[in-house]
Amino acid sequence: MSRLRRTGRRRHRRALTSTARRRSGARSRHGPRGTDLAARTSRHGPRGTDLAGRPATGTPLDARPSGSPPTRPTPLRDWPLATVFTISGGSKVVRVPAQGTTPMRASRQETGCPPSAGEPASFGQLLRSLRQQRGLSLSQLANRAHFNRGHVSKIENGKRPPSVSFARACDRALDAGTTFATIALALESASRPQQGWVRPGQLPSAKRNFVGRQEEMRHLDGLLRGTEQALAVPVAVISGLPGVGKTAVAVQWAHHAVNSGHFRDGQLFVNLQGPGPGTAATPSDVLAGLLRTLGVPADRIPADLDQRAATFRSYLHGREMLLVLDNAADAQQIYPLLPGSPGSAVVVTSRSRLPGLMSVAEAATLRLTELCQPEAALLIRAIIGDPRADADPGAVDLLADRCGRLPLALVLAGEHIVSRQQRSADALARELKPERARLNLAEGDVVLRDAFATSYRALDEQSARLFRLLGLLPSRLIDADATAATAGVSQDEASRMLRGLASMHLIHRQDERHYLMHQLLRTYAADLARQMDKEAGHIQALRSTLDGVTTGAAPLSSLVA
């Protein structure tokens with residue numbers, strides 16, 4: 001009887017032990033409630049390991065042979081990107097392999113991953129761990145990353161998903177390389193619904209003979225850094241006189257940014273067809289085209305402008321998109337096209353300064369001028385080739401000068417030499433000695449004169465008349481007081497019209513009272529004035545009196561360069 005009791009007790013103990021082992025195995029496989037996924041073993045990882053490269057045995061990972069020294073975990077910035085982390089409270093698991101590597105068996109010491117269950121594994125927990133390792137408070141990290149403290153706190157606590165721009169800011173603030181950015185990109189890719197999304201790539205091809213503009217490119221790079229540190233959508237306006245190469249700079253920089261890994265969700269390019277009267281595209285039509293590009297069926301595009309703008313912002317929300325708006329007419333054309341969430345960026349090109357866009361969108365402005373002499377000669381050389389340029393280097397310099405170092409004129413001149421198979425730049429340089437001949441530079445359907453005419457036709461009647469008269473003045477330097485006498489208007493009216501011409505980049509302000517006009521624009525204005533005999537006679541009559549005009553300023557003759 002006692003033997004039967006002992007046998008029964010042994011069977012009972014074995015049953016209890018077996019049950020405990022099964023429960024322990026289940027906990028090691030699935031993780032006890034409340035632990036994160038770094039402690040779990042996945043069937044998708046390398047055979048015999050979990051996704052973090054740790055042994056998939058179901059035994060505690062920190063179990064060591066007796067007497068072995070403890071292993072210190074590797075700092076987060078030294079981890080290979082093979083860490084398991086959670087999405088939306090653990091509903092998904094994403095594995096990011098180390099760049100340039102393939103999954104393989106690896107011990108915990110080799111991978112340097114977190115040691116065991118309960119240690120940081122979600123994005124927010126990893127962020128908090130490294131922040132504490134760096135000895136930073138939540139406020140200090142927020143200040144370094146240029147994000148709100150509450151925003152950082154919600155991400156650390158898993159209440160808000162991290163954006164890629166936030167992750168990059170944390171990488172910089174914590175000196176973590178690209179750790180957080182890579183994780184955020186994987187999280188975003190895994191959690192984003194891909195159905196119906198079209199990744200656009202609408203950028204025109206970059207220029208093969210792009211020369212100079214290094215300072216401008218750095219300025220636009222600064223705009224991109226602002227994307228990663230702020231909640232507002234950065235907007236840059238590239239403006240300048242006709243033919244200065246605004247579109248070329250915008251497209252060249254856009255390709256550079258995309259090749260550097262930015263704007264992975266796509267790039268949109270729209271020609272807004274400004275600033276000619278009656279030619280500018282309407283925001284409603286532009287939005288309809290953009291929504292169709294993003295995959296929205298035509299019957300689901302709202303009819304109302306505000307609703308179209310809201311739908312466009314919704315489609316771009318949370319995405320890293322670049323929007324290039326080329327040849328804008330005015331700020332009102334731009335407002336409805338702007339995205340609403342960080343991660344995207346907008347580059348606008350325009351012949352106007354787009355007044356008003358600064359206050360609404362905090363737009364940064366970038367004014368382009370003509371190239372310097374060495375860059376202008378280098379552009380011609382790049383187009384015509386070294387043999388032609390070396391045949392007469394002096395002619396290349398002379399041709400660059402006669403083209404006013406304006407990129408459009410330089411390109412047309414270079415293409416003229418190549419298409420006519422001329423041996424050097426000498427023949428064209430001599431051909432362009434008369435100033436009016438330079439306006440006729442053309443290749444195909446691109447004509448230099450037409451580029452100037454587009455801006456001229458956008459002027460009101462008074463401003464257009466003043467522009468023509470300025471072309472007949474004896475100097476590129478324009479005095480505001482003498483301009484009033486030339487145009488027969490008051491000084492206040494003359495100042496207003498000069499500011500309007502400067503806003504359109506048809507003249508350039510030098511100081512409070514003086515402006516400059518580019519030599520090719522001056523030639524174009526004079527040619528227009530000579531076509532109108534009445535105005536030409538008017539300016540010739542005024543020239544005899546202008547030298548005596550003094551309104552607190554020096555005579556005009558003293559201002560002639």
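Structural notes, computed from the coordinates.

Calculation rules
Residues numbered from 1 in each chain as written. Predicted model: local features only at pLDDT ≥ 70, side-chain atom pairs only at ≥ 80, totals over all residues. Heavy atoms only, no water. Helix = DSSP H or I, 4+ residues; strand = E, 2+ residues; numbered from the N terminus. Buried < 20%, exposed > 50% of the residue type's maximum accessible area, 1.4 Å probe, protein only. Areas by Shrake-Rupley, 256 points an atom, 1.4 Å probe, with all protein chains shown as cover. Contact = heavy atoms within 4.5 Å. Salt bridge = Lys/Arg side-chain N within 4 Å of Asp/Glu carboxyl O. Axes fitted to C-alpha atoms, helices over the stretch in contact; angles between N-to-C directions. Parallel < 35°, antiparallel > 145°, perpendicular 65-115°, else oblique. Nonpolar A, V, L, I, M, F, W, Y, C, P; charged D, E, K, R; others polar. Pairing = 2+ DSSP bridges.

**Thoughts on the overall build of the chain**
Here's step 1: The helix and strand tally for the chain stands at 24 helices and 12 strands.
Here's step 2: Expressed as a percentage of its 561 residues, the buried residues of the chain come to 48%.
Here's step 3: Here the chain displays about 27,800 Å² of accessible surface, and carbon together with sulfur accounts for 49% of that area.

**Some details on the environment of V324**
Here's step 1: Its location among the elements puts V324 in strand β5 (residues 321–328).
Here's step 2: As for V324 and A236, which are separated by 88 residues in sequence, their C-alpha atoms are 9.7 Å apart.
Here's step 3: Those residues in contact with V324, other than ones at most four positions away along the chain, are L203, A250, L268, F269, V270 and V347.

**Observations regarding the pattern of salt bridges**
Here's step 1: Taken as a whole and assessed by the stated rule, the structure comprises 15 salt bridges.
Here's step 2: For the salt bridge of E370 with R405, the shortest nitrogen-to-oxygen distance reads 3.9 Å. With E370 in the loop between β7 (364–368) and α13 (373–384) and R405 in the loop between α15 (393–402) and α16 (407–419), this residue pair connects regions lying 35 residues apart in the sequence.
Here's step 3: With relative accessibility at 25%, the residue E370 sits in the partly exposed group.
Here's step 4: The salt bridge partner of E443 is R420, with a shortest N-O separation of 3.0 Å. In this pair, E443 is assigned in strand β8 (residues 442–443) and R420 in the loop between α16 and α17 (426–431), connecting sequence segments 23 residues apart.

**Focus: the packing of helix α19 (residues 448–457) against helix α23 (residues 519–530)**
Here's step 1: Put simply, α19 and α23 touch, their axes get as near as 11 Å, and they point 75 degrees apart. On the basis of the axis angle, α19 is roughly perpendicular to α23. Of the residues in α23, those in contact with L448, R449, F452, A453 and Y456 of α19 are L520, L521, Y524, D527 and L528.
Here's step 2: Taken together, the residues of the contact of α19 with α23 break down into 8 nonpolar, no polar and 2 charged.

**Some words on the sheet that holds strand β12 (residues 514–516)**
Here's step 1: One open sheet accounts for 3 strands, arranged β10-β12-β11; its pairing is antiparallel. Pairing within the sheet leaves two strands with one partner each, and these edge strands are β10 (477–479) and β11 (508–509).
Here's step 2: Of the strand pairs in this sheet, β10 and β12 are connected by 3 bridges, and their pairing is antiparallel. Within β12, the residue paired with I478 across the bridge is Y515.

**Side note on the environment of A361**
Here's step 1: The topology assignment puts A361 in helix α12 (residues 357–361).
Here's step 2: By relative accessible area, which is 14% here, A361 ends up buried.
Here's step 3: Between the alpha carbons of A361 and I334 there is a distance of 9.7 Å; along the sequence they are 27 residues apart.
Here's step 4: Setting aside residues up to four positions removed in sequence, A361 forms contacts with V233, V235 and L338.

**Comments concerning the pairing of strand β3 (residues 235–240)**
Here's step 1: With 6 of its 6 residues buried, β3 lies for the most part within the structure.
Here's step 2: A two-sided burial pattern is seen for β3, the buried positions comprising V235, V237 and S239 on one face and A236, I238 and G240 on the other.
Here's step 3: Sheet analysis places β3 next to strand β6 (residues 345–350), joined by 5 bridges and oriented parallel. Across the sheet, residue I238 finds its bridge partner in β6, namely T349.

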